[in-house]
Amino acid sequence: YGQDQIEFSSHIQAIVGLRYDRFRLSFRNNRTARDFKGDEDLVSPRAGLVYRPVEPVSLYGSYTLAYLLRAGDQLASLTPSNEALDPERFNNYEVGAKWDVRPALSFTAAVYRLDRTNVAVPDPTDPSRSLLLTGQRTKGVELALAGTVVPGWSVIGGYAYQDGKVVRTQSASAVAGASLAQLPKHALSLWNRYDLTSRWGVGLGVIRRGRMFPATDNTVTLPGFTRIDAALFVTPTRQLRVQANVENLFDERYFTSSNGNQNILPGSPRALRVILTTRF
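## Concerning the pattern of salt bridges
Moving on, step 1. Tallied over the full model, the rule gives twelve salt bridges.
Moving on, step 2. Between D21 and R19 there is a salt bridge, with the nearest N and O atoms lying 2.8 Å from each other.
Moving on, step 3. Relative accessible area serves as the criterion here: at 42%, R19 is assigned to the partly exposed category.
Moving on, step 4. Note that D229 is salt-bridged to R227, the shortest N-O span being 2.7 Å.
Moving on, step 5. Taking relative accessible area as the criterion, D229 reaches 13% and is therefore assigned buried.
Moving on, step 6. Because the salt bridges share partners, they merge into one network encompassing R227, D229, E247 and R273.

Structure (structure tokens):
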């Protein structure tokens, strides 16, 4: 792979890159005694243009093509064929901006469209099998803030709006217009740290995620949730630092992810982690 950043002027830059992968797969299904082989020559270009109208502001546009190869249980849950062994393909179009509010605080915003083809998804009617979708499309907006607001107070946070749909009808459980699985429309996270003194600091964070569907048939709904986390930072000596993190401070009951309608993973109850760091 190679990438080059070209500076045309103090206001305009371009980024171009190219990646080449050669992938060879030999797969044997011991349950059916069938052998399959596949060879892939994958070329992945990327290109972007950056425009800086003034020093603290950058505007950009980019295009990226990428691939994801089959692996793990996908090789057993898919009916082996040339199409099943072909990698997933991602085309991403994005425009955005970055604003350095001050030297230690930056704000970013992006609008994107992501097209995926040959995607393997769990079969809602049979958890042991996967289905191939010829097309998915996700459109979204992402906002992020990171840095120091005032001396002693630092933040890192982001918000995402994502609207993902099945592009074409594939089966009775994956029809055109259905929402994509495990893709909440709204997601928000914000973490704050405030240093009370040079030795003591506290942290507080919130994670908010909207409801989502575990499968493309959209018959089961995972409810949205709000989780609060907290932390305490202590530096008793120059050589010792203690950090205590409480995840899910109010012991919220929620679900994090799923692999189909019948395999749903709950979130952790309240959990305490203590980290000791020493220097020698």
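On we go.
## Digging into the pairing of strand β11 (residues 186-195)
Moving on, step 1. Sheet topology note: the strand β10 (residues 153-166)/β11 ladder contains nine bridges and is antiparallel. Its bridge partner lying in β11, S154 is registered against R193.
Moving on, step 2. Sheet topology note: the β11/strand β12 (residues 200-209) ladder contains nine bridges and is antiparallel. Looking at the pairing, L188 lines up with R208 of β12.
Moving on, step 3. If you look at the hairpin formed by β11 and β12, you'll find four residues sitting between the two strands.

## Some details on the pairing of strand β3 (residues 34-54)
Moving on, step 1. Relative to β3, strand β2 (residues 12-29) is paired through 18 bridges, and the arrangement is antiparallel. The partner of F27 across the bridge, within β3, is F36.
Moving on, step 2. Between β2 and β3, which pair antiparallel and follow one another directly, the connecting turn spans four residues, one of which, A33, has a positive phi of 60 degrees.
Moving on, step 3. Here seven bridges tie β3 to strand β4 (residues 57-68), and the two strands are oriented antiparallel to one another. From the neighbouring strand, V54 faces β4, where its bridge partner is V57.

## Concerning the packing of aromatic side chains
Moving on, step 1. Taken as a whole and assessed by the stated rule, the structure comprises two aromatic pairs.
Moving on, step 2. Measuring from centroid to centroid gives 5.1 Å for Y63 and Y93, while their planes differ by 40 degrees, and the two rings are tilted. Here Y93 lies in strand β5 (residues 88-102) and Y63 lies in strand β4, a separation of 30 residues in the sequence.
Moving on, step 3. By relative accessible area, which is 26% here, Y63 ends up partly exposed.
Moving on, step 4. Its relative accessible area of 35% is what places Y93 among the partly exposed residues.
Moving on, step 5. Here the basic side chain of R193 rests over the ring of F233, its NZ or CZ set 3.9 Å away from the ring centre.

Rules and cut-offs
- Residues numbered from 1 in each chain as written.
- Predicted model: local features only at pLDDT ≥ 70, side-chain atom pairs only at ≥ 80, totals over all residues.
- Heavy atoms only, no water.
- Salt bridge = Lys/Arg side-chain N within 4 Å of Asp/Glu carboxyl O.
- Buried < 20%, exposed > 50% of the residue type's maximum accessible area, 1.4 Å probe, protein only.
- Pairing = 2+ DSSP bridges.
- Helix = DSSP H or I, 4+ residues; strand = E, 2+ residues; numbered from the N terminus.
- Phe/Tyr/Trp six-rings, centres within 6.5 Å; stacked < 30°, edge-to-face > 60°.
- Lys NZ or Arg CZ within 6 Å of the ring centre and 35° of its normal.

So, to be careful, I would describe these as geometric facts and stop short of saying anything about function.
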